[in-house]
Amino acid sequence: RDMAANGKDHLLEIVSKVWPIKTAQCEVKHRKVEVFKRADQDQLKEIFSQYASVVEDGEQYMTYGDLIQRYLGFLGENCDEYTLKLFASSVDTSRDGKISFTEFQAFEALLCLPDAMYALAFQVFDRNGNGYLSCSEFEDIIKHTTLNREIPFNFNSEFISLHFGKDKQRKITYSEFTQLIHDFHEEHALQAFRRRDKGDTGSINPKDFEEIMCKLKSYLLTPFVKENLVTVAVGGGHRQISYAYFTAFVSLLNNLELVQKLYLACTRRDKTMEVTKEEMMYQAQEFSQITPLEIDILFQLIGLKHQTGRIKYEDITDLTPAEGRETPYSIQMQIAQEKLALEQGTERTFALEVLESVYRFALGSIAGATGATAVYPIDLVKTRMQNQRSGPMVGELMYKNSWDCFKKVIRHEGVLGLYRGLGPQLVGVCPEKAIKLTMNDLMRDKLTRKDGSIPLWAEMVAGGTAGASQVMFTNPLEIVKIRLQVAGEVHGKSKVSAFTVIKELGFMGLYKGSRACFLRDIPFSAIYFPAYANVKKALADENGYNSWGTLLLSATIAGMPAAAIPTPADVIKTRLQVAARTGQTSYNGVIDCVRKIYREEGGWAFWKGTPARVFRSSPQFGVTLLTYEVLQRLFYVDFGGRRPEGSEPQSTQLEKQLSRNPDHIGGYRLALATFNGMESKFGLCLPKFKSSMQT
C-alpha cells in the first residue's frame, strides 16, 4: 500500500511540474521565480515533426535514434546501444519504444526545472516508469557504468541495506533517490579505500590513492590535479594516506564551488585579491562544510603552481574540472539569480531608490571632478579656438591651430594659464556630471525590460534625458568658464574673476545660450551612453567581466563620435556665451548666430575646434566613467537593484553556454548540459561507444 502511494505521489509530482496545478494565491506568491522559459507549443510541434521518422495511425513518433542522435546530437552513430536505450527510455514514459509529441513536450518541461539533473537521473533509473526505484533497477544501471567496471561496487553492503532494506525489496521515491545518488559515490570510494587498506590500519599508500582517484573520481580531476595526486600527497608529509586525508581530498574537489564562495566572502567579491591560508581559515568558520584540512590541501595543490603562499580566484577556478563545461547547474543558477534580482528590483521601496540615487550622485561628483581636472587644458584650447574670429583685433592673440594655441598659452600665461577658470569648473562639474550619470542610470533602470535587456531606443532616451537634465548646471558653469578662458587673449585688460562675470551677467544672464546647450548636450548623451554600454559589452572577457583597461578604452571610444557630431551646436553656444568685443559680430539667438557664422565664415566654421573637442571630451569621459565604475566596485552598496554591467563575471556570455542548435528551443537548450551534468556532478559515467564485443 505504501509503495503504491509513493509511486502515485511521485507521478502526481511529475505531472504537477509539467502541467502546474493551480493552488491558493498565498502559495503562488511565495514560489521561486521561473528558471527557464518554456518553448512555444506550436514551434515545438513543428520541430518534432521535422525529426519524427515513424508514422502510425496518422500520428508521428520519434525513434530513440531520432531523439538522442539526430535531434540532440548527444551520441554518435557508433554509440553504445544500452546507453542509447537507457537515455531515450527516460523520455519514453510509456516504454513502448517510440516517443510521442506529448512525451517530447513533457521532457522539454522537465529540462526547465531547477532540479532537472536529479529528475532526469531518476527517470533514467526508473526503467519501469512506475514512479519508484527498485534495488535491481539501481544495480543494473550502476553495473554498466565505466566506474563500476574499474572498481566494482559491493551491492551486499550495509549502505544498500539501509536504502533498500536487508532483503532489497524496499522501493524508494524520487526524493529518497536524490540522497541515494548523492551519497552513493562517496560510499563507492569508501569501499575502494577499505579494499586497499589490507592491514586495517586506516591508511593506504599514495599509489593506491592515485588509482582510486583516477578510476572513481576522474570526473572531479583536472589534468593538473591528476598529474600531481601523488606529489601533493607525499609533499604534505604523508607516506601513507589516512582515511581523514582521503575523505578531505574528495570533499574539497566536490565542494570547489563552495570554496569559491568562501574566497569571495573573504575578499568581499574582489576576484583579483590574493588571500593567505590564515585568512581563508578565519573566514571558513562561517562555512561549516569546509574544514581546516581541506583548506590545507587546497593550498598544497595551488602551491605546486606557485610558491607565493597566497591564492587568487583563478587558482581555485583552475582546479574545477567543470569550469567552462556546459552543465545546467551554472546555467540555470545564473538565470535564476538574474531573474530573482530583476524581480527584487521591481519590488524595491521608494526610499531605497532615493538612497541609491544619492549614492550614485556622490560617486558621480567625485568622478566628474577627476575627469574635468585631467583634461581641462585641452578644454581651454578648444574654447579659444572656437572663439577665434576671422579678422584679428588689436592686441588679440591669434592661433594657427590647437598646438599653436597650447604653446602660446604657456608662453604668455604660464602653465597655470592652462587651468584658468578651473575653480568654477569644479564647482559646477560635480553636480553636472553627477546628475548626468545618476539620471542615465535611473532611466536605464526604468526602461530595462523584465528579462534584463534594454533596446537601443531606450538607451538613447535614457542618455538624452540625462543630457537635458544637466543643462540647469551646465549653462551657468559653461558661460562663466568660457569668459574666464578667453580673458587671457587680450593683453592689458583688467583681471576677470568668476564673481565679476556672475555680477555682470546676473541670474538670467547665466542661462544665455541655453538653447544651444540643449542642442549640444542632448545629442551628446544620446550617442555617448548607448555607445559606451555596447562597446563595454563587446570588450568584456568571456565571462562578461570588464577590467579597468577595457572600461577606460570603452569610455574613450564612445566619446569620439559623441563629441564630434554635436560640435556645430557647441560652436553656436560658445559664440552666444562669449561677450563680443568692439568690432566683433554680436548674435541675437541661435538662428541669428547660425546665419551670421555661415555668411561671414562659411560652413566649416561650425566645425572649428572639433579635434580639440574630441581630444578633450573623449579622454575626459574615459576618466570620468572609469572613476565612476571603479568607485562603485570599491564602495559597493546593495540597494536591491542591479550591479553595473561588467563589474563581476556574470552571464553576459550565458547564451554561449546554451545549445547553439536553432532547433533546440526552451528546455532543449539545456538538454546536452543536463545529460553531461549527470556525469560531471553525479559521476554517472555510462559507456558512449560500442565495445569490441558488441561489434
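Residues numbered from 1 in each chain as written. Predicted model: local features only at pLDDT ≥ 70, side-chain atom pairs only at ≥ 80, totals over all residues. Heavy atoms only, no water.

With an unreviewed UniProt entry as reference, the chain is termed EF-hand domain-containing protein, source organism Magallana gigas. In its Sequence similarities (unreviewed entry) section, the UniProt entry covering the chain states "Belongs to the mitochondrial carrier (TC 2.A.29) family." UniProt, in the comment section headed Subunit (unreviewed entry), describes the chain in these words: "Homodimer (via N-terminus)." (UniProt positions renumbered as here; feature names shortened; annotations may be inferred.)

Undergrad: Just to check I follow, could you spell out empty space enclosed by the protein for this structure?
TA: Where empty space is left becomes clear once a probe the size of a water molecule has been rolled over the atoms. Overall, the coordinates contain three cavities of 30 Å³ or more when judged by the stated rule. Computed from the structure, the largest cavity encloses a volume of approximately 190 Å³. Lining the largest cavity we find 21 residues, and of these Glu432, Lys433, Glu478, Arg520 and Arg616 sit closest to its centre. Taken together, the elements giving at least two residues each to the lining of the largest cavity come down to helix H21 (350–387), helix H23 (422–447), helix H25 (471–485), helix H27 (514–539) and helix H31 (610–634). Residue composition of the lining of the largest cavity, grouped by class: seven nonpolar, four polar and ten charged. (1 Å grid on protein atoms, 1.4 Å probe; cavity = no way out; pocket = protein on both sides within 12 Å on 5 of 7 lines; lining within 4 Å. Points joined across faces, edges and corners; volume = space filled by probe spheres on them. Helix = DSSP H or I, 4+ residues; strand = E, 2+ residues; numbered from the N terminus. Nonpolar A, V, L, I, M, F, W, Y, C, P; charged D, E, K, R; others polar.)

Undergrad: What is the right way to look at the environment of Gln470 in this model?
TA: With respect to the element layout, Gln470 can be found in the loop between helix H24 (456–469) and H25. For the pair formed by Gln470 and Asp521, sequence separation is 51 residues and the distance between their alpha carbons is 8.0 Å. Not counting the four nearest positions on each side in its chain, Gln470 is found in contact with Glu432, Ile435, Lys436, Asp521 and Ser525. (Contact = heavy atoms within 4.5 Å.)

Undergrad: What is the right way to look at helix H22 (residues 402–413) in this model?
TA: Each α-helix turn comprises 3.6 residues. Residues three or four places apart therefore point the same way. With twelve residues, H22 should reach 16 Å at 1.5 Å per residue; the first-to-last C-alpha distance of 16 Å fits that figure. N-cap assignment for H22: the residue whose side-chain oxygen lies 3.2 Å from the backbone N of Trp403 is Asn401. (Expected span 1.5 Å × (residues − 1). Polar contact = N/O pair within 3.5 Å; in protein donor to acceptor, adjacent residues only side chain to side chain.)

Undergrad: Please explain the nonpolar core as it appears in this structure.
TA: Where a protein is soluble and globular, its nonpolar side chains tend to be buried together. Within the largest apolar cluster, 59 residues are counted, with the highest numbers of intra-cluster contacts made by Ile68, Phe104 and Phe138. When residues in this core are grouped by element, the largest group, seven residues, is from helix H7 (residues 116–125). (Core = buried A, V, L, I, M, F, W, Y, C linked by side-chain atoms within 4.5 Å. Buried < 20%, exposed > 50% of the residue type's maximum accessible area, 1.4 Å probe, protein only.)

Undergrad: Please explain unusual backbone geometry as it appears in this structure.
TA: Most peptide bonds take the trans configuration, and most residues that are not glycine carry a negative phi. Positive phi, close to 55 degrees, is recorded for Asp57, a residue that is not glycine. Inspection of the secondary structure puts Asp57 in the loop between strand E1 (54–56) and strand E2 (59–61). On the basis of relative accessibility, which here comes to 82%, the residue Asp57 falls in the exposed class. Although it is not a glycine, Lys168 sits at a positive phi angle of roughly 60 degrees. The residue Lys168 is located in the loop between helix H10 (158–164) and helix H11 (174–196) in this model.

Undergrad: Whenever I open this one, the pattern of salt bridges confuses me. Can you help?
TA: Two side chains of opposite charge can pair, provided their charged atoms sit close to one another. Scanning the model with the defined rule gives 28 salt bridges in all. In this structure, Lys98 and Glu56 form a salt bridge, with 3.6 Å as the shortest nitrogen-oxygen distance. Taken as a pair, Lys98 in the loop between helix H5 (81–89) and helix H6 (101–111) and Glu56 in strand E1 lie far apart in primary sequence, 42 residues in all. Glu601 is the partner of Lys608 in a salt bridge, and the nearest nitrogen-oxygen pair spans 3.0 Å. Under the relative-accessibility criterion, Lys608 is labelled partly exposed at 25%. If you follow the salt bridges from partner to partner, you end up with Glu150, Arg196, Glu211 and Lys215 in one network. (Salt bridge = Lys/Arg side-chain N within 4 Å of Asp/Glu carboxyl O.)

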